[in-house]
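# Overview (structure and organization)
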Amino acid sequence: MEKKEIIVAKIADIIGKQGFIKKNNGELKARLKCAGLNEYYEKYSKYLIPYCYRTAHGNKYENSNEEYNVFLGLDFIFSDLYMECKNEAIILLLKELTKAFNISYIEEEMVDDYDELVKLYQLLGLDIYIENDNIKVLSLMHSDIVRITEVFSVESWLMGEHPGVYDSYDSAISAYTCGHAGACIESCRTALVSIFSEYKGTESFAKWLRGIFNVSGDVNVSSVSELDLAIKTSLRKDDLAKFFNENKDGKLTKTKTIYMIYSMMSDYGTHRNESTYGSAKESPTIEDAIFMLRLTDSILFWVFSMTNR
């Protein structure tokens, strides 16, 4: 099972916990219909209806539906949508489901579950937060569909073509969901180096940076000697700071940019517990981790698109 499929299963597991969503017969039907997924409601309704009713001697009686299981219903639906590559529907359903959250109960009894759910939503490009007793959903990219298409396609590609890179990428996601910011960033750095190492060519001086040079297209406008010079002289902290603030010459733009991201991941991930004279140890936050994980996602998708044209 792919990591992103596990993520939506974990989302279904949390939402399916007792008390997390409002419990009435029409709640999940409304959410699915509003997401344009009524056919899936009809298919799995036996898991999504909490009560059944009967009338006897002129009175109406409410009984619990023994098959009611929100996790099973949502997991079946997400699995169908995932297998059918209906990425837009997954995002729409994730948004709609927040309207069914039992906010007062969550804030009192299920804070840890909610915090985990926030991280899982973020991995799929959505930010959720509670404000004035209402749940808010914020898209972290201009297009939700672009985001989820990218992360799903990257994972499948890595699993098939670059399993070693996938291991590091998978570790980054796992570390993030467990709240381990430094370990997440360290795995992002490893994934970055690993993917470009597979495109580096034969130059011993360049190592993985030669892979960025090749994939980015900088190879078409700059020479290998210029790359060699950049590695030996330009890729120093002072020069990189000037590059990002001014970018006067534009030479090796993409190669330098990715190298700087790598440097940031090194400081906040791999070397976070190290300090040198005049500098302090870095203390990465979970916000730093999701930022760098999104950068990793975007770079990996860019490599995928550049090498599969």
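Structure report, in brief. (Residues numbered from 1 in each chain as written. Predicted model: local features only at pLDDT ≥ 70, side-chain atom pairs only at ≥ 80, totals over all residues. Heavy atoms only, no water.)

## Quick word on the overall build of the chain
Assigned secondary structure in the chain consists of 15 helices and 4 strands. Across the 309 residues that make up the chain, the buried fraction comes to 45%. Contacts spanning at least 24 positions in sequence make up 64% of the contacts within the chain whose residues lie at least 6 apart. For the chain, the computed accessible surface area is about 15,600 Å², with 48% contributed by carbon and sulfur atoms. (Helix = DSSP H or I, 4+ residues; strand = E, 2+ residues; numbered from the N terminus. Buried < 20%, exposed > 50% of the residue type's maximum accessible area, 1.4 Å probe, protein only. Contact = heavy atoms within 4.5 Å. Areas by Shrake-Rupley, 256 points an atom, 1.4 Å probe, with all protein chains shown as cover.)

## Here we look at the side chain of D75
Among the structural elements, D75 can be located in helix α4 (residues 70–83). Sequence-distant contacts of D75, defined by excluding residues within four places in its chain, comprise A9 and A12.

## Some remarks on the packing of helix α1 (residues 3–15) against α4
Interhelical geometry of α1 versus α4 gives an angle of 155° and a closest axis separation of 8 Å. Compared by their axis directions, α1 and α4 come out roughly antiparallel. In this structure, α1 meets α4 at a crossing whose hand is right-handed. Counting all contacts with α1, which are made through K4, E5, V8, A9, A12, D13 and I15, the residues of α4 involved are V70, F71, L74, D75, F78, S79 and Y82. The residue inventory of the contact of α1 with α4, partitioned by class, reads 9 nonpolar, 1 polar and 4 charged. (Axes fitted to C-alpha atoms, helices over the stretch in contact; angles between N-to-C directions. Parallel < 35°, antiparallel > 145°, perpendicular 65-115°, else oblique. Left-handed = near helix turned anticlockwise from the far one by under 90°. Nonpolar A, V, L, I, M, F, W, Y, C, P; charged D, E, K, R; others polar.)

## Points about the pattern of salt bridges
On inspection of all chains with the given rule, the structure shows 7 salt bridges. Between E27 and R31 there is a salt bridge, with its nearest N and O atoms 3.0 Å apart. With E27 and R31 both in helix α2 (residues 27–34) and 4 residues apart, this pair spans about one turn of that helix. You'll find E27 and R31 in the same group, each marked buried. For K99, the salt bridge goes to E96, with nearest N and O atoms at 3.0 Å. (Salt bridge = Lys/Arg side-chain N within 4 Å of Asp/Glu carboxyl O.)

## What to know about the packing of α1 against helix α7 (residues 111–123)
Where α1 contacts α7, the axes come no closer than 10 Å and their chain directions differ by 150°. Looking at the two axes, α1 sits roughly antiparallel to α7. Handedness of the α1/α7 crossing: left-handed. In this structure, α1 uses I7, K10, I11, I14 and I15 to contact α7, whose residues at the interface are D113, E116, L117, L120, Y121 and L123. Each residue belonging to the contact of α1 with α7 can be placed in one class, and the counts come to 8 nonpolar, no polar and 3 charged.

## Regarding helix α10 (residues 181–197)
An ideal rise of 1.5 Å per residue puts 24 Å on 17 residues; α10 measures up with 25 Å between its terminal C-alpha atoms. If you check which residues of α10 are buried, you get A181, G182, C184, I185, S187, C188, R189, A191, L192, V193, I195 and F196. (Expected span 1.5 Å × (residues − 1).)

## Comments concerning α4
Under the 1.5 Å per step criterion, the end-to-end length of α4 is 20 Å for 14 residues, consistent within 8% with the ideal 20 Å. Listed in full, the buried residues belonging to α4 are V70, G73, L74, D75, I77, F78, D80, L81 and Y82. At the N-terminal boundary of α4, the capping side chain belongs to N69, with an oxygen 3.3 Å from the backbone nitrogen of F71. Following α4 by one or two positions, C85 has its phi on the positive side, about 55°. (Polar contact = N/O pair within 3.5 Å; in protein donor to acceptor, adjacent residues only side chain to side chain.)

## Considering a negative patch on the surface
On the surface, a cluster of negative charge is made up of E107, E108, E109 and D133. Position of E107 relative to the elements: it lies in helix α6 (residues 103–109). Among the residues examined, E107 registers a relative accessible area of 41% and is labelled partly exposed. (Patch = residues over 30% accessible without salt bridge, like charges linked within 9 Å, V, L, I, M, F, W, Y side chains within 5 Å. Lys, Arg positive; Asp, Glu negative; His and termini not counted. Charge placed at Lys NZ, Arg CZ, Asp CG, Glu CD.)

## Some remarks on the pairing of strand β2 (residues 59–64)
Pairing of strand β1 (residues 51–56) with β2, which is carried by 6 bridges, proceeds in the antiparallel orientation. Along β2, the bridge assignment pairs T55 with K60. (Pairing = 2+ DSSP bridges.)

## So, unusual backbone geometry
Residues other than glycine seldom take positive phi values, yet C85 does so here, at roughly 55°. Along the chain, C85 turns up in the loop between α4 and α5 (87–97). When its relative accessible area of 59% is taken as the criterion, C85 is described as exposed. With phi around 65°, D133 is a residue other than glycine that occupies positive phi space. Within the element layout of this structure, D133 appears in the loop between β3 (126–131) and β4 (134–139). Residue classification places D133 among the exposed positions, given a relative accessible area of 57%.

## Considerations on the environment of F101
With respect to the helices and strands, the residue F101 is situated in the loop between α5 and α6. A relative accessible area of 2% means that F101 is categorised as buried. The spacing of F101 and N134 is 33 residues in sequence and 9.2 Å in space, taken between C-alpha atoms. Apart from the residues lying within four places of it in its own chain, the contact partners of F101 are I15, F20, I21, K22, I106, L117, Y121, I128 and I135.

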